[in-house]
Amino acid sequence: MANQPNTLYTTMAPCGCFDSFKNQEVDFLKEYAYWFLALNWEQGFLGRSILFLKAHKMDEVEVTDSEALEKHQIYCQWRNAITKAFNPDKINQAQLGNEEFLHKGLIHWHFVPRYRRHITFAGASFQSDDAESQKVIYSDIHKRIVYPVEVRQKIKEKFLKYLT
């Protein structure tokens with residue numbers, strides 16, 4: 001990892017595609033050959049992460065076999081680490097491109113741990129999939145909570161204990 005992870009995003013996308021991501025030095029987790037792994041600054045679900053492809057590609061058909069294989073390997077490492085750190089009940093993955101103003105449509109994956117129980121960590125409460133929340137349509141949720149840097153730093157520290 002470089003001394004200033006903030007510069008990794010500039011190296012990855014000199015076009016400025018990821019400049020809008022906040023507190024990159026806190027949220028950056030690990031650099032791989034083809035990808036960068038970061039915490040999502042909108043945690044919502046504890047341990048929510050984003051995997052960014054370094055190459056400037058906008059469609060899955062452009063991803064090479066090597067990039068796809070590494071993505072799978074990273075997901076397996078991430079899944080193992082998140083399980084040991086926070087024990088989610090299930091995992092959702094999504095490749096979305098709906099907020100192009102943030103990333104210019106570049107390929108990235110959302111890894112979202114889901115919890116069927118009330119979950120707190122570092123003095124903060126996180127979203128869970130209980131009977132009440134399951135009645136809510138996800139697209140109707142308008143509160144996007146950006147957790148404090150101090151909370152995200154503690155999430156990162158616990159998560160990195162288990163990331164190989």
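About the thresholds
- Residues numbered from 1 in each chain as written.
- Predicted model: local features only at pLDDT ≥ 70, side-chain atom pairs only at ≥ 80, totals over all residues.
- Heavy atoms only, no water.
- Axes fitted to C-alpha atoms, helices over the stretch in contact; angles between N-to-C directions.
- Helix = DSSP H or I, 4+ residues; strand = E, 2+ residues; numbered from the N terminus.
- Parallel < 35°, antiparallel > 145°, perpendicular 65-115°, else oblique.
- Left-handed = near helix turned anticlockwise from the far one by under 90°.
- Contact = heavy atoms within 4.5 Å.
- Nonpolar A, V, L, I, M, F, W, Y, C, P; charged D, E, K, R; others polar.
- Core = buried A, V, L, I, M, F, W, Y, C linked by side-chain atoms within 4.5 Å.
- Buried < 20%, exposed > 50% of the residue type's maximum accessible area, 1.4 Å probe, protein only.
- Pairing = 2+ DSSP bridges.

Where helix H3 (residues 65–86) meets helix H5 (residues 149–160), the closest approach of the two axes is 8 Å, and the angle between their N-to-C directions is 110°. Overall, the two elements H3 and H5 adopt an arrangement that is roughly perpendicular. By crossing handedness, the relation of H3 to H5 is classed as right-handed. Of the residues in H5, those touching H3 at Trp78, Ala81, Ile82, Ala85 and Phe86 are Ile155, Lys158 and Phe159. Of the residues belonging to the contact of H3 with H5, the class tally is 7 nonpolar, no polar and 1 charged.

Our focus in this paragraph is the nonpolar core. Counting 30 residues, the largest nonpolar core has Leu37 and Phe126 as the members making the most contacts within it. Counting residues per element, the ones that place at least two in this core are strand S2 (35–39), strand S3 (49–53), H3, strand S5 (108–114), strand S6 (119–121), strand S7 (124–126) and H5. When residues of this core are assigned to their parent elements, the largest contribution, 7 residues, is made by H3. Setting aside chain neighbours within four positions, we find Leu37 in contact with Asp27, Phe28, Leu29, Lys30, Tyr32, Ser49, Ile50, Leu51, Trp78, Phe111, Phe159 and Leu163. Within the second largest apolar cluster, 5 residues are counted, among which are Phe28, Ala38, Ile50 and Phe52.

If you walk across this open sheet you meet the 5 strands as S1-S2-S3-S5-S4, and the pairing is antiparallel. Where the open sheet ends on each side, the last strands, each with one partner, are strand S1 (28–31) and strand S4 (90–94). The sheet shows a mean angle of 20° between the axes of neighbouring strands, direction not considered. With 5 bridges connecting them, S4 and S5 associate as antiparallel partners. The partner of Asn92 across the bridge, within S5, is Val112. Sitting on the sheet, H3 is in contact with S1, S2, S3, S4 and S5, with an inclination near 20° to S5.

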